[in-house]
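Residues per chain, in single letters:
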Amino acid sequence: RIEFVVTMACTGKCKHCSQGDHNSTEQLDKSLCADAVRKIASEYNIQSVMTFGGEPLLCPDTVCEIHKSAKEMNIPKRQLITNGYFSQDYDRIKLVAEKLAESGVNEILLSVDAFHQETIPLEYVKIFAQAVKETDVEIKVHPAWLVSPQDENPYNIKTKELLEQFNSINIETAEGNIIFPSGNALVYLSEYFDLSKETKNPYDEDPYDVKAICFSANGDILGSNIHK
């Protein structure tokens, strides 16, 4: 898999975020990213391209350019993770949803949970979700769970209530992810973690058996930089 952190800028201020406060406005260059997809996919059997952030739809042209090149290279899974809040203009939201479909995105994972909705208005997220449903792109809600999906802490209870609102309009819930004690999560949610134990980041790659590479928003990749 190839992953792109399109930008570190974000429309949310989530207390569970492993990246911290997202004060950086760094973003990737769309042409360099598209070229990287073509070069890597011509050498390796790439099965998935994923774009995320920050909030990647603050840079929709970059997202679309990446997925357009992935589609050209016949990469089967072309995913976007977004919180769905990048505009309050209905026409703009609808246009971006249509452009994502045209570019080749075939799965959108929508970050909806108690943490995102503390600062992100659900109204505009729902408008985006409905706009995507009018295309042929699959969309699922992708929650962040605290401790585990089964744990009955106040955050998970609120998350389940929010997910039901999307399930009721036929948007399924994906597996989501378990919050890792890093960044804001370590500052605001430390009471939920056993900090006496060393926790391995589930997203770290085994350097002896790399399955995915990730371009950082500043272009860093595998000890070098996309601009090099």
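Values in this document were obtained by computation on a predicted structure and should not be read as measured data. (Residues numbered from 1 in each chain as written. Predicted model: local features only at pLDDT ≥ 70, side-chain atom pairs only at ≥ 80, totals over all residues. Heavy atoms only, no water.)

1. A word on the pairing of strand S2 (residues 48-53)
Then comes step 1: Counting buried positions along S2 yields 5 of 6 residues, so the element is predominantly enclosed.
Then comes step 2: One ladder, built from 4 bridges, connects S2 with strand S3 (residues 77-82); its direction is parallel. Counterpart to Thr51 in the pairing with S3 is Leu80.
Then comes step 3: The handedness of the S2 to S3 crossover, carried by helix H2 (residues 60-72), is right-handed. (Buried < 20%, exposed > 50% of the residue type's maximum accessible area, 1.4 Å probe, protein only. Helix = DSSP H or I, 4+ residues; strand = E, 2+ residues; numbered from the N terminus. Pairing = 2+ DSSP bridges. Right-handed = clockwise from strand over helix to strand, strands pointing away.)

2. Re the side chain of Ser69
Then comes step 1: Topologically, Ser69 is positioned in helix H2.
Then comes step 2: Residue classification places Ser69 among the buried residues on the basis of a relative accessible area of 1%.
Then comes step 3: One polar contact links the side chain of Ser69 to the main-chain carbonyl oxygen of Ile66, over a distance of 2.7 Å.
Then comes step 4: Discounting residues that sit within four places of it in the chain, Ser69 has contacts with Ala34, Val37 and Arg38. (Polar contact = N/O pair within 3.5 Å; in protein donor to acceptor, adjacent residues only side chain to side chain. Contact = heavy atoms within 4.5 Å.)

3. Digging into the sheet that holds strand S5 (residues 138-141)
Backbone hydrogen bonds are what pair the strands of a sheet, in a parallel or an antiparallel way.
Then comes step 1: Ordered by their spatial adjacency, 6 strands build an open sheet running S5-S4-S3-S2-S1-S8, and the pairing between neighbours is parallel. Each having just a single partner strand, S5 and strand S8 (213-215) make up the two edges of the open sheet. Averaged over all adjacent pairs, the angle separating strand axes in this sheet is 20°, with direction ignored.
Then comes step 2: One ladder, built from 4 bridges, connects S3 with strand S4 (residues 107-110); its direction is parallel. Its bridge partner lying in S4, Ile81 is registered against Leu109.
Then comes step 3: Against the sheet, helix H1 (residues 30-43) engages strand S1 (2-7) and S8, with an angle of about 175° to S1. (Axes fitted to C-alpha atoms, helices over the stretch in contact; angles between N-to-C directions.)

4. Quick look at the packing of helix H3 (residues 90-103) against helix H4 (residues 122-133)
Then comes step 1: Orientation of H3 relative to H4, taken along the N-to-C sense of each, is 40°, at an axis distance of 9 Å. In terms of their interaxial angle, H3 and H4 are classed as oblique. The handedness of the crossing between H3 and H4 is right-handed. In this structure, H3 uses Tyr90, Ile93, Lys94, Ala97 and Leu100 to contact H4, whose residues at the interface are Tyr124, Ile127, Phe128, Ala131 and Val132.
Then comes step 2: Residues of the contact of H3 with H4, tallied by class, amount to 9 nonpolar, no polar and 1 charged. (Parallel < 35°, antiparallel > 145°, perpendicular 65-115°, else oblique. Left-handed = near helix turned anticlockwise from the far one by under 90°. Nonpolar A, V, L, I, M, F, W, Y, C, P; charged D, E, K, R; others polar.)

5. Some details on the nonpolar core
Then comes step 1: Phe4, Leu100, Phe128 and Phe215 are the most contacted members of the largest nonpolar core, which has 50 residues in total.
Then comes step 2: If you tally residues by element for this core, the top one is H4, at 7 residues.
Then comes step 3: Leu100 has contacts with Leu57, Val63, Cys64, Leu80, Val105, Ile108 and Phe128, leaving out every residue within four places of it along the chain.
Then comes step 4: Counting 9 residues, the second-largest nonpolar core is a separate cluster that includes Ala114, Phe115, Tyr155 and Phe193. (Core = buried A, V, L, I, M, F, W, Y, C linked by side-chain atoms within 4.5 Å.)

By themselves, these are just geometric observations and shouldn't be taken as functional.
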